[in-house]
Amino acid sequence: MPTTMFSAFTSNFLGKAPVWYKQIIVLFLIANPIVMLLLGPVTAGWLLIAEFIFTLAMALKCYPLLPGGLLAIEALLIGLTTADAVYLEVLTNFPVILLLMFMVAGIYFMQDLLLVAFTQILVGVRSKSALSLLFCSVAAVLSAFLDALTVTAVIISVAVGFYSVYHKVASGKGIQVSDYNADSDDEVIALHRDDLENFRAFLRSLLMHGAIGTALGGVATMVGEPQNLLIAKVVDWDFIEFFLHMAPVSLPVLAAGLVTCWVLEKMRWFGYGGRLPRSVRRVLEEFAESERAKRTKEDLAALWIQALAAVILVFGLALHLAEVGLIGLLVIILITSFTGVTSEHKIGKAFQESLPFTSLLVVFFAVVAVIHEQHLFKPVIDYVLSLPEGQQPGMFFIANGLLSMISDNVFVATVYISEVKQALDAGSISQAHFQDLAVAINTGTNLPSVATPNGQAAFLFLLTSAIAPLVRLSYGRMVVMAFPYTLVMGGVGLYMVVNHI
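Residues numbered from 1 in each chain as written. Predicted model: local features only at pLDDT ≥ 70, side-chain atom pairs only at ≥ 80, totals over all residues. Heavy atoms only, no water.

## Some details on the nonpolar core
Working step 1: If you look at the biggest cluster of nonpolar residues, it comprises 156 residues, and the most contacted ones within it are Phe199, Met208, Phe396, Phe411, Leu462, Ile467 and Met489.
Working step 2: When sequence neighbours within four positions are dropped, the list of residues in contact with Phe199 reads Phe162, Tyr163, Tyr166, Leu276, Pro277, Val280 and Leu284. (Core = buried A, V, L, I, M, F, W, Y, C linked by side-chain atoms within 4.5 Å. Buried < 20%, exposed > 50% of the residue type's maximum accessible area, 1.4 Å probe, protein only. Contact = heavy atoms within 4.5 Å.)

## Digging into the environment of Pro448
Working step 1: With respect to the helices, strands and loops of the structure, Pro448 is situated in the loop between α21 (431-446) and α22 (457-463).
Working step 2: A residue is classified by how much of its surface remains accessible, and Pro448, at 5% relative accessible area, is buried.
Working step 3: Once the C-alpha coordinates of Pro448 and Phe483 are considered, the two residues, 35 residues apart in sequence, prove to be 9.8 Å apart.
Working step 4: For Pro448, the residues in contact, after removing those within four places along its chain, are Phe397, Gly401, Met405, Thr443, Thr486 and Gly490. (Helix = DSSP H or I, 4+ residues; strand = E, 2+ residues; numbered from the N terminus.)

## Digging into the pattern of salt bridges
Working step 1: Taken as a whole and judged by the stated rule, the model has 7 salt bridges.
Working step 2: Glu285 is paired through a salt bridge with Arg281; the nearest N and O atoms lie 4.0 Å apart. Taken together, the positions of Glu285 and Arg281, both in helix α13 (residues 278-294) and 4 residues apart, correspond to about one turn of that helix.
Working step 3: Taking the relative accessible area as the measure of exposure, Glu285 reaches 29% and is therefore partly exposed.
Working step 4: Across the pair Arg292 and Glu289 runs a salt bridge, and its minimum N-O distance is 2.5 Å. Taken together, the residues Arg292 and Glu289, both in helix α13 and 3 residues apart, mark about one turn of the helix.
Working step 5: Counted as one network, the salt bridges with shared partners bring together Arg126, Arg281 and Glu285. (Salt bridge = Lys/Arg side-chain N within 4 Å of Asp/Glu carboxyl O.)

## Considerations on the packing of aromatic side chains
Given two aromatic rings, their pairing is described by the distance between the two centres and the angle made by the two planes.
Working step 1: This model, assessed by the stated rule, comprises 13 aromatic pairs.
Working step 2: With a centroid separation of 6.4 Å and an interplanar angle of 85°, the aromatic rings of Phe102 and Phe351 are classed as edge-to-face. On the criterion of sequence distance, the pair formed by Phe102 in helix α6 (residues 94-108) and Phe351 in the loop between α16 (344-349) and α17 (355-374) is long-range, its members being 249 residues apart. Note on accessibility: Phe102 and Phe351 belong to one class, buried.
Working step 3: Taken together through their ring pairs, the aromatic side chains of Trp20, Tyr21, Phe28 and Phe54 make up a single cluster. (Phe/Tyr/Trp six-rings, centres within 6.5 Å; stacked < 30°, edge-to-face > 60°.)

Below, the structure written as structure tokens:
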């Protein structure tokens, strides 16, 4: 316990983050004004970018909104950018804010329907290879029209539920026991320990296939990932135009990703191929049947309403009837009105998942404002644009992919599409070439970024979720399991960008 006020302040600063992490953030905050004074705003701006990427890479130590926000506030105070410039960035990207605020919350109210769908897949398909393909492809399709974070949340919910059910049985408890802690294996009966370990390997592979599926589908449409909508807005593409421009890259990558999924399961490489023990399957089937039997008429009516809202959502997006975020708000209103969710407290839970990331995105825009104000990326962009036109998309794909692996794909895409748009406005490139570069930027930030949990929000969400420690899914294990997908998706994506756009 802190014994002085100073130690209390230092203990409270960034909460439970490691002491060395807190010291580095303080060092950043002290160094920035000094560098600004001695070396000028350009050097200070580059240092700020490096510091911000560090906070993204260390997201498991502390959520980046806090240290990143402190850095952004300091950038305003020392004159690297202005509040008006930040506001202009936020205003320009307001559709992305709406997407995160309302679409993610809207899909939250469809979780029951998605849980039923994934549960039926899990207990209904006996072939592990077929099950993995279904998980990967269903996650891809859902992510193309919904939101990768929400789809991942649903997959996690299913996995946690089934893991807890079997853990109870393996510990000699009944499946209906409610007050139970699945974190400890102390009570697991020795006879069931091998089956529990095999079940963990089974769930790990399904979770990773599902997370990869969100990336395979998320690249294809303007609502699949937050940066997609941002890029679509800058290039002025609607839903159909975005899909058609991405299709020469996204569809071959999708096919290659599904083939990779099947091969990994068959060959049992990189930690994949875990099979579901028969004893575990019997327990899960009994649980699924008991849940189905408990379902009331009201529950069934709610599922039909959610299905209808899903159809309206798909048609609204495909026909671009309104801004994506407003369609998400429509889904919230329809589902809550016709399923009896009238409490402000219950509705508020839907926004808990999206608003922290929305706030972080606004901090992104503050850093982007620094980049624009100080013209930091102009030399890099000028160099790439000085290359022969045919080489430029491939170079953008590689640069965006490498940066997205170590930082965050939304941040990288925001920076690059903004800088390329400035080149278009200056007359340096044509509209057609601008669109080709937009495809390279979008695919470059979406595909190779699966290499680490830092690059994809859905991967980071999975790593920090309740299921990860239960199934022993660590940072290192995620990197190893993502490696074959990174090679295939990055390689096929680069080939298609270079040769077919």
